[in-house]
Amino acid sequence: MSLQIAVLALQGAFIEHEQMFRSCGAECFELRQKTDLRRHFDALVLPGGESTAQSKLLRELDMFDELAARIRAGMPVFATCAGIILLAEKIADSEVHHFGGLPITVKRNAYGRQLSSFWAEEYFSGVGVVSMPFIRAPQIESAAPAVEILAFYGGYPVAVRYGNMLAMTFHPEITGDKRIHQWFTNNICTGNL
Ligand code: GLN
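Let me sum up the structure you'll find in this document. This structure is a prediction, so every number in the text was calculated from the model and none was measured.

### Some words on the site of the ligand
For the ligand, the full set of nearby residues is Gly48, Gly49, Glu50, Ser51, Cys81, Ala82, Ile85, Arg108, Asn109, Ile135, Arg136 and His171. Within the side chain of arginine 108, a nitrogen or oxygen atom sits 2.7 Å from an oxygen atom of the ligand. Within the backbone of isoleucine 135, a nitrogen or oxygen atom sits 2.9 Å from a nitrogen atom of the ligand. When the ligand is considered free in solution it has 300 Å² of accessible area, and contact with the protein chains removes 98% of it. Most atoms of the ligand, that is more than half of them, are within 2 Å of grid points of the largest pocket. A per-class count over the shell around the ligand returns four nonpolar, five polar and three charged.

Below, the structure is given as structure tokens:
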């Protein structure tokens, strides 16, 4: 049976992830309400969007605790932008805490108004040079030593792996290049690393 990937679909850029993972040979379905959590899934996608809105909806729909438990239990998670904010142990200048579990500190909307959205090209470990669209992106200010840094931009980490979590501050799902999604299914979902 092919890999079953659940994509959090409450808000933000989730459809593009489904297209990417389907092109990698996985099956995807959307998590929109609590009953969707009854279906079997092998991995979870936390898409970009607005982390505050996503977290609020997760609690209102009573999906937060169950997803938090799965993440804690080691389910593979692919997180982009707002998704990395949901996983971060610490959000700079804030007491807010969402799922946590990823020992990094992120600063929301760190690139400011002038440069809120832009594309970069950098090396991504294990994958090669990739395009990186940043959209009101957070910045990873610090990471625990156990966090593996897979890519940098401007001196800051922009892609990290920690256990079964792969998290990025940019949006690989809108580049038309599926290599990062494929790297996740090939390595993290299969336990190759
Ligand atoms: N700025 C958003 C937040 O703080 C993240 C932006 C994105 O996901 N593209 O949640």
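### As for the nonpolar core
Among the nonpolar cores identified, the biggest contains 33 residues, and Leu31, Leu58, Leu67, Leu87 and Phe99 are the most heavily contacted of them. The residues touching leucine 67, leaving out its near neighbours within four places in the chain, are Leu8, Leu31, Leu37, Phe41, Leu44, Leu58 and Phe99. Among the nonpolar cores identified, the runner-up in size contains 32 residues, and Val45, Cys81, Met168 and Ile180 belong to it.

The rules behind each value
Residues numbered from 1 in each chain as written. Predicted model: local features only at pLDDT ≥ 70, side-chain atom pairs only at ≥ 80, totals over all residues. Heavy atoms only, no water. Near = heavy atom within 4 Å. Polar contact = N/O pair within 3.5 Å; in protein donor to acceptor, adjacent residues only side chain to side chain. Areas by Shrake-Rupley, 256 points an atom, 1.4 Å probe, with all protein chains shown as cover. 1 Å grid on protein atoms, 1.4 Å probe; cavity = no way out; pocket = protein on both sides within 12 Å on 5 of 7 lines; lining within 4 Å. Sits in = over half its atoms within 2 Å of the grid points. Nonpolar A, V, L, I, M, F, W, Y, C, P; charged D, E, K, R; others polar. Core = buried A, V, L, I, M, F, W, Y, C linked by side-chain atoms within 4.5 Å. Buried < 20%, exposed > 50% of the residue type's maximum accessible area, 1.4 Å probe, protein only. Contact = heavy atoms within 4.5 Å.

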